[in-house]
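Here are the chains, one letter per residue:
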Amino acid sequence: MLTGFIPFSLGNISKLNILHLYENKLSGPIPPSLGNLRNLADLRLFINRLSGSLPPEMNNIIGLTSLQLSNNNFSGYLPADICKGGALSYLTVSNNRFQGPIPMTLKNCTGLSRLYLHHNQLTGAISHYLGVYPHLWYVDLSFNRLSGTLSPDWGRWHNLTCLRVSNNNITGVIRPEFGHLSNLQELDLSSNHLQGEIPKSLGNLAYLYNLSLSNNRLVGEVPVELGRMSNLQLLDLSTNGLTGRIPYQIGNCMKLQLLKLNNNNLSGSIPLEIGNLVYLQEALDLSHNSLTGEIPSQLGKLSMLQHLNLSHNGFTSGLPSSLKDMVSLSIIDVSHNELEGPVPDSPFFRKAPMEWFLHNKGLCGVVKGLPPCVSSTTRRNDESKHHKVVVILAITASMVFILLSLMIVGAALQFRKRKKQSLPAQDNGNREGAFCILSFDGRYAYKDIIEATEDFNDKYCIGTGACGSVYRAKLTSGKVLAVKKIHQQEIENTSNETPFQNEIQTLTRIRHRNIVKLYGFCSSTRHKFLVYEYMERGSLGSILRSEAAAAELDWVKRVDVVKDVARALSYMHHDCDQPIVHRDITSNNILLDSEFKACVSDFGIARLLQPDSSNWSMIAGTHGYLAPELAYRMRVTTQCDVYSFGVVTLELLMGTYPGEFISVLPSSAAQSSSVKTILDQRVPLPTAEAADEVVAVLRLAIRCVDDNPETRPTMKHIFYKLSTPKTHPNLPSLDSLKLSDLRNGER
């Protein structure tokens, strides 16, 4: 909370090597006396209220390795000799008002690893000022006034993970050499004046999750090679001059959450394979093109999609009834097409504004403002009478047929019932009670499971909980399943039937890649069990309790686990018809498959939140993971899961249950703790980008375990923060980072 000017006298400390004054309220200019600090290697002044031009005396500091000035009100030019000594590795001057060119000395600064120049007023031809940097892994030049062309030399930045040059005046073409950036995860060249075609070589970028090329002058077809980018989550090619058909190979980008191809000249129909993009959440925007044909019914599979825009095209026929299955939709725009026929009847469409359906050939139905759908009996009288006669005859014949069929079926059922009652109970075998299993024949699957587990022999047991034991069952087909057998005493106690039924009801109404799949269940007088997908690595809790397994769970994998759990909870809280609260998020209820993908499991005490209810509850869950308001006031909200998520995330980062850490977290002693001593010591400390993500995850986790549910972030906010990773140039390195340094993080 320091205020005032930076003292001139600091320039007298001639041997000073590190000067950190960041995250205060300092104002005024940098004193010229700092130019006397010839030994200064690390200068961090970010997040203050400093202003004015940088003093030319700063050119005297030739040994700087880190210069961090972002988030101030600096103006003028950057020091011309900013990298005269060649030592500079970390340069962040973003969010200021710097103008003029990038310093020429930067071109030969081969040790550069991070470069943040975004949100300034820098000018000049971009390729003249940047060279070849073997260690560079993050570049953000966006929101400036830079011009010139992209250099093919940038294809030699082999460690680069992020390249952002959006919102400038860049011309020329996208260099095909960018396809050599094998580590690239984000490429944002949007809002420039780029021309030419999208290079096919971009399809080689296996790790790319964000490709943003919108608002340029690109032409040609969308490369089919983009379908090879299996990790792509955001693809925005909107507002260009692209032509041709939408390649069906886009349907292979199974992780896509946003797809924008609007405002181009694309033609042809929508590929059916777009329906395979079941994780599309934010938007599918194909508007303002020249697309034709019918809207495919496969779009109904996009149950997580929130925004669908197909307007200003030439689509014909009607709206497929499968659109009713898109339960997460908040906006759909099909205006300015050639559509006709009824709008699907669902609560969403009944509340939809008419503007979303205007300027079509003849849509009708449930949308307020559209005409009601009328039958063909309004045609000419003769045709109408003839039609009525035909309809009446058809109905009469159908009713006679249905009546006869019902009589036959009734007789057959009565005969079967009598036959079944005449059989001894033991002859009913594996068909007693209710059995349902997806993708299998229930009669054989039951027998197969019993044989695979030798009637639930203990040697196949892989875990035991309060309600049941879990068994590994390898069927004769080779399929491996996890079978949770409810304890016998639980069957006899009807009050404990609730978790069993609750699990079935919850998991049959939700489907998500990070929620364990329920294949089926059995409910009979002899057995009660649930059948799930098998997760090879077991629970997160068991992994953290094992020295060998925990060592295999490196920081990248741990961050990915956090993202997987956040994605699942965000879906449950915000994307279902009614919010679902799990109420028992623990490390034992997070399961990992062979590739460390995480799934949330055990929905025995999950609750549907009623919108017009206070949602009180008896205490349920696991001690130590319960939110305070649930443990003491017995009130259920989605923020209860947020608290539990925070506990699990801290446990994952620390390697052990964080109960004591959470209890002392508000104290000044805890705030002075070093972050690196808190992290799990069984794995090497994270470096580079992994360190940034770990720190971001830790910052979110600490906010999640706040006693006040109102100040915790929502799971939607958490998942957004985790899925749009940002580095934190304003934070100290991990070696010196303290918990108190995280208190002013972004919200």
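Scroll up to find the structure this text is about.
First, a word on what this report is: a plain description of the structure on this page. This is a predicted model, so every value here is computed, not measured. (Residues numbered from 1 in each chain as written. Predicted model: local features only at pLDDT ≥ 70, side-chain atom pairs only at ≥ 80, totals over all residues. Heavy atoms only, no water.)

## Topic: the side chain of Arg 164
Thinking step 1. Following the sequence through the fold, Arg 164 ends up in strand S13 (residues 162–164).
Thinking step 2. By relative accessible area, Arg 164 is classed as buried at 16%.
Thinking step 3. At 3.5 Å, the side chain of Arg 164 forms a polar contact with the side chain of Tyr 138.
Thinking step 4. For Arg 164, the side chain forms a polar contact with the side chain of Glu 186, separated by 2.9 Å. (Helix = DSSP H or I, 4+ residues; strand = E, 2+ residues; numbered from the N terminus. Buried < 20%, exposed > 50% of the residue type's maximum accessible area, 1.4 Å probe, protein only. Polar contact = N/O pair within 3.5 Å; in protein donor to acceptor, adjacent residues only side chain to side chain.)

## A word on helix H10 (residues 638–654)
Thinking step 1. The terminal C-alpha atoms of H10, which comprises 17 residues, lie 25 Å apart, in line with the 24 Å expected from a rise of 1.5 Å per residue.
Thinking step 2. Trailing H10 by a residue or two, Gly 655 shows a phi angle of about 85 degrees, which is positive. (Expected span 1.5 Å × (residues − 1).)

## Side note on the side chain of Arg 114
Thinking step 1. In this fold, Arg 114 is placed in strand S10 (residues 114–116).
Thinking step 2. A residue is classified by how much of its surface remains accessible, and Arg 114, at 12% relative accessible area, is buried.
Thinking step 3. For Arg 114, the side chain forms a polar contact with the side chain of Asp 692, separated by 3.2 Å.
Thinking step 4. Residue contacts for Arg 114: discarding those within four places in its chain leaves Ser 89, Tyr 90, Leu 91, Leu 136, Trp 137, Tyr 138, Ala 688 and Asp 692. (Contact = heavy atoms within 4.5 Å.)

## Overview of the nonpolar core
Thinking step 1. Residues Leu 106 and Phe 357 are the most contacted members of the largest nonpolar core, which totals 106 residues.
Thinking step 2. Excluding anything up to four places from it in sequence, Leu 106 contacts Ile 82, Cys 83, Leu 88, Leu 91, Leu 112, Leu 115, Tyr 129, Leu 130 and Tyr 133.
Thinking step 3. With 75 residues, the next largest nonpolar core counts Leu 591, Cys 599, Phe 661 and Leu 742 among its residues. (Core = buried A, V, L, I, M, F, W, Y, C linked by side-chain atoms within 4.5 Å.)

## Considerations on the state of the cysteines
Thinking step 1. On inspection of all chains with the given rule, the structure shows 2 disulfides.
Thinking step 2. Through a disulfide, Cys 83 is tied to Cys 109; the S-S separation comes to 1.8 Å. Taking the sign of the torsion about the S-S bond as the criterion, the disulfide between Cys 83 and Cys 109, at about 65 degrees, is right-handed. One end of the pair, Cys 83, is in the loop between strand S7 (73–76) and strand S8 (90–92); the other, Cys 109, is in the loop between strand S9 (97–100) and S10, with 26 residues separating them in the sequence. Comparing Cys 83 with Cys 109, the two get one shared label, buried. (Disulfide = S-S within 2.5 Å.)

## A look at the environment of Lys 563
Thinking step 1. Inspection of the secondary structure assignment puts Lys 563 in helix H8 (residues 555–574).
Thinking step 2. Put simply, Lys 563 and Leu 722 are 159 residues apart on the chain and 6.3 Å apart in space, counted from C-alpha to C-alpha.
Thinking step 3. Beyond its immediate sequence surroundings of up to four residues, Lys 563 is in contact with Glu 693, Phe 719 and Leu 722.

## Looking at the sheet that holds strand S3 (residues 25–28)
Thinking step 1. Spatial strand order, S1-S3-S5-S7-S9-S11: 6 strands in an open sheet with parallel pairing. Across the chains shown, the open sheet's two edge strands, defined by having one partner strand only, are strand S1 (3–4) and strand S11 (121–122).
Thinking step 2. Direction of pairing for strand S5 (residues 49–53) relative to S7: parallel, over a ladder of 3 bridges. Looking at the pairing, Gly 52 lines up with Phe 74 of S7. (Pairing = 2+ DSSP bridges.)

Just geometry here; none of it tells us what the structure is for.
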